[in-house]
Every structure is written in structure tokens, then in C-alpha cells.
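Given next are the chains, with one letter for each unit.
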Amino acid sequence: MTHPNDVAVGIVGLGGIGSHHATKLVERDANLVAGMDIDADARARFHEEFDIPAYEDEAALYDDCDAVLITTPNRFHEVYATSALEAGLDVLLEKPLAHTLESAERIAEAARDAEGFCMVGFNNRFAEPVRVVKHYQDEGRFGETTHVEANYVRRRGVPGRGSWFTSADVAGGGALIDIGVHAIDLALYFLDHPEVVEVSGETRSEFGGRDDYAYVHMWGDDSGPEGFDVDDSASAFIRAADGSTVSLEVAWATNRPATDEFVVRGTEAGATLDRGSDDLTIHEAGVGGGHHLTDATVETRDGDGHAAEQATFLEAVAAGEAPAINTVEEGLRVQRVIDAIYRSSETGAAVRLD
């Protein structure tokens, strides 16, 4: 069998997240062979940093590779994912699956018909505390998991205004599709991806479009409010066919303390996970020796979700078998929820998905 580090890997999209993935691949001695970007400056920076070819055309890249990581802005996921799959390559596609549900469905259809596979970049699933929660769930410690409170809230954290992140045409949305996608995926993952039947939500744009947007830190440069046409927060309630539910709070900007907290509620036990700090507490109750409540702190090793995600991807490519985790069908389910939240906000009514 091929060793994972012998898999010839290329990267499509050489911006910040592409460079981050490239650095992680180099750190694990993976066989990173080339990159591709339509922007000449991005190609030059990548070539200078990693000393490997950087192409303007994806076909040239595909000829060098067994597999590709796609880290372009959302609008361009489809063209590169489908062409890579048609070329017989395996694909690790950064979240979200696409900028629209229709585009995501076309990617999923291409993956179903492809010789290779498409894995979606939900790196939070690989965090050590998340793995511990899933282990206890699989052991039955939580009983039946019935509800997840999913929070990914920044007090002021709009990505660089004027970048593609704040353009609906390129990103497909704002905070909901950018960071909310992680919160929705993790919540559904804790519920074993049930069939979602109803979504009610509200998206808001209250801060990013203001001349007096006050912030301390910003990802990227601030070009001001002109062209900011996306949501900067969202609230939603998600109901599944089995009765399980998710309450969602997402924000790039809001007047409240930041939180990355996930609360998992089961019939026998529950858990509170801080995604930012990796703090994990298990909550239980019992009557043995007297009625009591127990909160157990779980300490885990430091982990790197992106590195673990890459390892899973490369191992699957080397084995010639699609991974069972982070599947394109799971990514499509998350995309359907995102689309339903936007539609619910537009209509002011719950959206049925069944």
C-alpha cells in the first residue's frame, strides 16, 4: 500500500488558508508537489515560501497530483472540485461545500459519479475533546443525545471588510456560511447527522455595514462598509425527524461576550465543550449513596485539527478508500440547513425540509 506521505498533493487556492494547509503538509513531510492560483502575486508568494511550482491553470496542477486540497473562495469550489473529480483525483474541499445549495448539490452529484472521493474540511471534528465526546456517546454514557446548544459568537470579528468574505456574490453569505457552518456541522455530528425536517432562523446585518464599526482586531485589511452585503449574525432552531434539536447562535459581531461553547444534552449525561479553549466537562447525576450531581473535568492532549484532518485524508487516498468521516453527503446536509436558515429569515416563517 502507498504510504500517506508518498501521495502527491496539490493545493488549489493559495491565499491564507491555502498557505496554512501547505505549512501543515510540509510539517508532516507530506509530498506537496505544486499549487495553483489565478493570482500572480499569490503564485509568487507560494513559490517563494515553499519552493515548488505554482500554476495558473488547474489542468497543469492535476497532471502532477494524486489528490488536491481546494481552498478557494466559496464561489469557485464547484468548478475546481468537479474538474478535479473528473480528472480522477481525490479531493479535500474546505468548508462550506459551496456558496449556494444548488452549487453544493452539483458537487455532491459529481462526487457520486467519480472514481475518487470528496472529503469536506470540517476540521473541528478532529479536535481531541470532540473525539472524547464522540467516544463517550458511542459507549452509551450519554444515553440518547437529544439537544445541542451550538454557539460560535465573536464580539467583533468581521473578516476584512471589502474582502470576498463580505461579498454575498462570492461567499454566498456572511457569518452563517463562514463560521456558522462549523457550528451546524459539529452540532449535527454530535447528533449523528439526523434527518433535519424543520428550520426556523433569523439572520441580521447590524454592524459590518456601519461607518462607525468599532473593533480591536480584524482578519485582513478594513476597506470600510462599502459593498458589505452579508449577515453578521444569525439565530436558529433546527428540528430533526427523531425529535432531536439544535439551538444555534452565530455572530461575527454582536454586543455580548464572545463564546465558542457547545452544550450536549443526553438522557443519562451531558457535556459542555469550549471549542476555543478545548475545556471539556461531563455532567452526570445519580442516586447511589444519595442524590448527587457530578461535573467531571476532562483534560486532553493538545491537538491540531487541520493536521489530523489532513492525516485522515492522506491515509484514505493512500488506501484507495473514501473516509467514513467528513463525507460530501454530510456537507450537503449542512448546506441544506444553511440555505433553510436564510430562506426562513427572508420569509419570516419556518422552512420544512421533509
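Given the structure is predicted, the values throughout are model-derived calculations rather than measurements. (Residues numbered from 1 in each chain as written. Predicted model: local features only at pLDDT ≥ 70, side-chain atom pairs only at ≥ 80, totals over all residues. Heavy atoms only, no water.)

A. Summary view of the pairing of strand 6 (residues 118-121). Taken together, the 4 bridges between strand 5 (residues 90-94) and strand 6 define a ladder with parallel strand orientation. By the bridge assignment for strand 6, E94 is matched with G121. Assessed by its sense of winding, the connection that carries the chain from strand 5 through helix 5 (residues 101-113) to strand 6 is right-handed. (Pairing = 2+ DSSP bridges. Helix = DSSP H or I, 4+ residues; strand = E, 2+ residues; numbered from the N terminus. Right-handed = clockwise from strand over helix to strand, strands pointing away.)

B. A look at the sheet that holds strand 10 (residues 245-251). Taken in spatial order, the 9 strands make up an open sheet running 14-13-12-11-7-10-9-8-15, and their pairing is mixed. A strand with exactly one partner marks an edge of an open sheet, and here the two such strands are strand 14 (292-298) and strand 15 (351-352). Bridge count for strand 9 (residues 233-240) against strand 10 is 7 bridges, and the pairing is antiparallel. When the sheet's bridge partners are listed, A236 is paired in strand 10 with L248. Against the sheet, helix 8 (residues 175-190) contacts strand 7 (145-153), strand 8 (196-204), strand 9, strand 10, strand 11 (261-266) and strand 12 (269-274), and its axis sits at roughly 155° relative to strand 10. Contacts from helix 10 (residues 328-347) reach strand 8, strand 9, strand 10 and strand 15 within the one sheet, and its direction differs from that of strand 8 by about 55°. (Contact = heavy atoms within 4.5 Å. Axes fitted to C-alpha atoms, helices over the stretch in contact; angles between N-to-C directions.)

C. Region of interest: the side chain of E309. Structurally, E309 is set in helix 9 (residues 305-319). Despite its burial, E309 remains without a salt bridge, the nearest opposite charge being carried by R125 at 8.1 Å. Among the polar contacts listed, one links the side chain of E309 to the backbone nitrogen of F122, at a separation of 3.3 Å. (Buried < 20%, exposed > 50% of the residue type's maximum accessible area, 1.4 Å probe, protein only. Lys, Arg positive; Asp, Glu negative; His and termini not counted. Salt bridge = Lys/Arg side-chain N within 4 Å of Asp/Glu carboxyl O. Polar contact = N/O pair within 3.5 Å; in protein donor to acceptor, adjacent residues only side chain to side chain.)

D. Main features of the pattern of salt bridges. Within the structure shown, the criterion is met by 21 salt bridges. Its salt-bridge partner being E284, residue R141 comes within 2.9 Å of it at the nearest N-O pair. Linking R141 in the loop between helix 6 (128-139) and strand 7 with E284 in strand 13 (residues 280-286), this pair joins segments that are 143 residues apart in sequence. Taking relative accessible area as the criterion, R141 reaches 26% and is therefore assigned partly exposed. Overall, E284 belongs to the partly exposed group, its relative accessible area being 25%. Close ionic contact of D339 with R343 constitutes a salt bridge, the shortest N to O distance being 2.9 Å. Here D339 pairs with R343, and both are found in helix 10, just 4 residues apart, close to one helical turn.

E. Representation of the UniProt feature "domain: GFO/IDH/MocA-like oxidoreductase" (unreviewed entry) in the chain in the model. Here, UniProt's "domain: GFO/IDH/MocA-like oxidoreductase" (unreviewed entry) annotation points to residues 131-270. End C-alpha to end C-alpha, residues 131-270 measures 15 Å, and it is 21% helix and 29% strand. (UniProt positions renumbered as here; feature names shortened; annotations may be inferred.)

F. Highlighting the sheet that holds strand 4 (residues 67-70). Here we have 6 strands laid out as an open sheet, ordered 3-2-1-4-5-6, and parallel in their pairing. Edge strands, defined here as strands with exactly one partner in the open sheet, are strand 3 (54-55) and strand 6. Where strand 2 (residues 31-36) lies against strand 3, 2 bridges are found, and the strand directions are parallel. Counterpart to G35 in the pairing with strand 3 is A54. Sheet strands touched by helix 4 (residues 77-86): strand 1 (8-12), strand 2, strand 4, strand 5 and strand 6. Its angle to strand 5, the strand with the most contacts, is close to 165°.

G. Main features of the pairing of strand 11. Two elements, strand 7 and strand 11, share 5 bridges in a ladder whose sense is antiparallel. Across the sheet, the residue bridging to E149 is V263, located in strand 11. Counting the residues between successive antiparallel strands, the hairpin from strand 11 to strand 12 contains 2 residues.

H. Examining the packing of aromatic side chains more closely. Applying the stated criterion across every chain yields a total of 6 aromatic pairs. Ring centres of W164 and F165 lie 4.0 Å apart, and the angle between their planes is 25°; on these two criteria the pair is classed as stacked. On the basis of relative accessibility, which here comes to 27%, the residue W164 falls in the partly exposed class. Seen from the ring of W219, R154 lies directly overhead, with NZ or CZ sitting 4.3 Å from the centre. The positively charged end of R156 is found above the aromatic ring belonging to F207, 4.5 Å away from the centroid. (Phe/Tyr/Trp six-rings, centres within 6.5 Å; stacked < 30°, edge-to-face > 60°. Lys NZ or Arg CZ within 6 Å of the ring centre and 35° of its normal.)

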